[in-house]
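One-letter residues, chain by chain:
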Amino acid sequence: MQVIESVKDMQTFSASAKKRGTVIGLVPTMGYLHAGHGSLMVEGRKLSQLLVASIFVNPTQFGIGEDFESYPRNLDGDLAIAANAGVDVVFAPKAAEIYPDGFQSYVNTEKITLPLCGGSRPGHFRGVTTVVAKLFNMVLPDIALFGKKDFQQLAVIRRMTMDLNFPVKIIGMPIVREADGLAMSSRNAYLSTSERQDALCLKSCIDQARAAYLSGECSRTALQTAAQWLIAAVSSAKIDYIEFCDSRTLETVETVDENTLMALAVRVGKTRLIDNTVFGENQ
Ligand code: AMP
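Keep in mind that this is a model prediction, so the values were computed, not measured.

K.L.:
Please clarify how the overall build of the chain should be interpreted in this entry.
P.N.:
Each helix and strand in the chain was counted, giving 10 helices and nine strands. Judged by the C-alpha coordinates and their principal axes, the chain covers about 55 × 40 × 40 Å. Taken across its 283 residues, the chain has 52% of its residues classed as buried. Considering only contacts within the chain whose residues lie at least 6 apart along the sequence, 72% involve residues at least 24 apart. Within the structure as shown, the chain displays about 13200 Å² of accessible surface, and the carbon and sulfur contribution to it stands at 52%.

K.L.:
Honestly, the side chain of Gln-61 in this entry has me stumped. Any pointers?
P.N.:
The residue Gln-61 is located in the loop between β3 (50–55) and α3 (75–84) in this model. Gln-61 has contacts with Met-30, Glu-66, Arg-121, His-124, Gly-127, Val-128 and Val-131, leaving out every residue within four places of it along the chain.

K.L.:
Can you walk me through helix α1 (residues 7–19) in this structure?
P.N.:
An α-helical turn contains 3.6 residues, so any two residues separated by three or four positions project in the same direction. Here α1 contains 13 residues, and its C-alpha end-to-end distance of 18 Å stays within 8% of the 18 Å for a straight helix at 1.5 Å per residue. Among the residues of α1, Val-7, Met-10, Ser-14 and Ala-17 are the ones counted as buried. Taken down its axis, α1 places every buried residue within 105 degrees of arc, on the same side. Structural note: α1 exposes Lys-8 and Lys-19 on the side pointing more than 90 degrees away from its buried face. Contacts from the buried residues of α1 go to β1 (2–4), β2 (24–29), β3, β4 (89–91), α4 (95–98) and α6 (124–139). Its side-chain oxygen 3.4 Å from the backbone nitrogen of Lys-8, Ser-6 forms the N-cap of α1.

K.L.:
Got a minute to help me understand the packing of helix α9 (residues 201–214) against helix α10 (residues 220–232) in this structure?
P.N.:
The description of two helices packed together rests on the angle between their axes and the distance between the axes. The geometry of α9 relative to α10 is characterised by a closest axis approach of 10 Å and an angle of 150 degrees between their N-to-C directions. If you check the angle between α9 and α10, you find them roughly antiparallel. Two packed elements cross with a definite hand, and for α9 against α10 that hand is right-handed. Together, Cys-201, Ser-204, Cys-205, Gln-208, Ala-209, Ala-212 and Tyr-213 of α9 and Leu-223, Ala-226, Ala-227, Leu-230 and Ile-231 of α10 make up the contact between the two elements. Grouping the amino acids of the contact of α9 with α10 by side-chain chemistry returns 10 nonpolar, two polar and no charged.

K.L.:
Whenever I open this one, the site of the ligand confuses me. Can you help?
P.N.:
His-37, Gly-147, Asp-150, Val-176 and Met-184 are the nearest of the 17 residues found near the ligand. In this structure, Met-30 approaches the ligand through a main-chain N or O atom, which is 2.9 Å from an oxygen atom. Here a nitrogen atom of the ligand and a backbone polar atom of Val-176 are 2.8 Å apart. Burial of the ligand by the protein chains amounts to 93% of its free accessible area of 480 Å². Residue assignment for the shell around the ligand shows that the elements contributing at least two residues are β2, α2 (35–47) and β5 (143–147). Among the elements that take part in the shell around the ligand, α2 stands out by supplying three residues, more than any other. Its residues placed into classes, the shell around the ligand shows nine nonpolar, six polar and two charged.

K.L.:
I'm lost on the sheet that holds strand β9 (residues 271–278) in this one. Help?
P.N.:
Strand pairing in a sheet relies on backbone hydrogen bonds, with the paired strands running either antiparallel or parallel. Read across the open sheet, the three strands follow the order β7-β8-β9; overall the sheet is antiparallel. The sheet is open, and its two edges are formed by β7 (237–246) and β9, each paired on a single side. The sheet shows a mean angle of 15 degrees between the axes of neighbouring strands, taken without regard to direction. Note that strand β8 (residues 260–268) and β9 share eight bridges and pair antiparallel. Its bridge partner being in β9, Ala-263 is matched across the sheet by Asn-276. Packing against the sheet, α9 makes contact with β7, β8 and β9, and its axis sits at approximately 20 degrees to β9.

K.L.:
Just to check I follow, could you spell out empty space enclosed by the protein for this structure?
P.N.:
The gaps of empty space that remain are located by a probe, the size of a water molecule, rolled over the atoms. Counted under the stated rule, the structure contains two cavities of 30 Å³ or more. Approximately 50 Å³ is the volume attributed to the largest cavity. In terms of lining residues, the largest cavity is bounded by Lys-149, Leu-182, Ala-183, Ser-185, Asn-188, Leu-202, Leu-273, Ile-274 and Asp-275. The greatest single-element share of the lining of the largest cavity, amounting to three residues, is contributed by β9. Considered as a void within the structure, the second largest cavity measures approximately 50 Å³ in volume. In terms of lining residues, the second largest cavity is bounded by Lys-148, Phe-151, Ile-175, Asn-276, Thr-277, Val-278, Glu-281 and Gln-283.

What counts and what doesn't
Residues numbered from 1 in each chain as written. Predicted model: local features only at pLDDT ≥ 70, side-chain atom pairs only at ≥ 80, totals over all residues. Heavy atoms only, no water. Helix = DSSP H or I, 4+ residues; strand = E, 2+ residues; numbered from the N terminus. Buried < 20%, exposed > 50% of the residue type's maximum accessible area, 1.4 Å probe, protein only. Contact = heavy atoms within 4.5 Å. Areas by Shrake-Rupley, 256 points an atom, 1.4 Å probe, with all protein chains shown as cover. Expected span 1.5 Å × (residues − 1). Arc of directions from axis to C-beta. Polar contact = N/O pair within 3.5 Å; in protein donor to acceptor, adjacent residues only side chain to side chain. Axes fitted to C-alpha atoms, helices over the stretch in contact; angles between N-to-C directions. Parallel < 35°, antiparallel > 145°, perpendicular 65-115°, else oblique. Left-handed = near helix turned anticlockwise from the far one by under 90°. Nonpolar A, V, L, I, M, F, W, Y, C, P; charged D, E, K, R; others polar. Near = heavy atom within 4 Å. Pairing = 2+ DSSP bridges. 1 Å grid on protein atoms, 1.4 Å probe; cavity = no way out; pocket = protein on both sides within 12 Å on 5 of 7 lines; lining within 4 Å. Points joined across faces, edges and corners; volume = space filled by probe spheres on them.

Written out as structure tokens, the structure is:
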């Protein structure tokens, strides 16, 4: 496995692979890799001939007062996980090269970035779309893999890729969970022992709502209220949002059906966690 740091080296490497007709796969990450990232890499390995994983903690997707500085980092551990998953190239650029002095061009996807995490993290998706567009131009992938754990991010990237005619096939991958149901996340490392237990309330909300839906409850208000009660019983947890929306447009729905996305963001202590489910899917 090769590690490339410079943008020029990455572009040259990818351009010459492309000239030979190589199918390039990209898994963009912010590092501190876990089995969720690993699942994207394993699938990317199957679907491409040259698999690139990027590791870049992207400053522009963090708001003021968010955890950019403290975001967990462990490049050596990441390289071991990436190598194990069959990655050919880890692209780990420096922020100064991605955003040099004078940088002033951003990609902005509009309506679909407004609800959910876009509402509570203004500017977040502008940072995401900008860096992913830049990564597409640097790595020149034919396919790129993203996790459904960040459901809105996947929807935004699909929209941006279509709108800007990037010749990249976007692949969405299932949420990978710990044995007890907590969605894997680099941010889980922030949780204390008791918060780690309390963090199970996100999956409990999903399980409770799915069970109610399957036994015939279709009212958004009823499902939302039940979820709010469940979180209210966990003293370290504070709701950022619990929403029910159309999984394609992310517009709020009043009546839940198989296409409905239940998405939630909950702060456990100081750690903001997200999780989601689509009622008609198996997860
Ligand atoms: P991050 O490093 O958190 O920016 O995540 C990089 C990619 O891995 C994104 O496409 C995430 O959606 C995906 N990912 C993160 N956690 C999980 C998980 N638990 N299951 C599946 N994909 C995940």
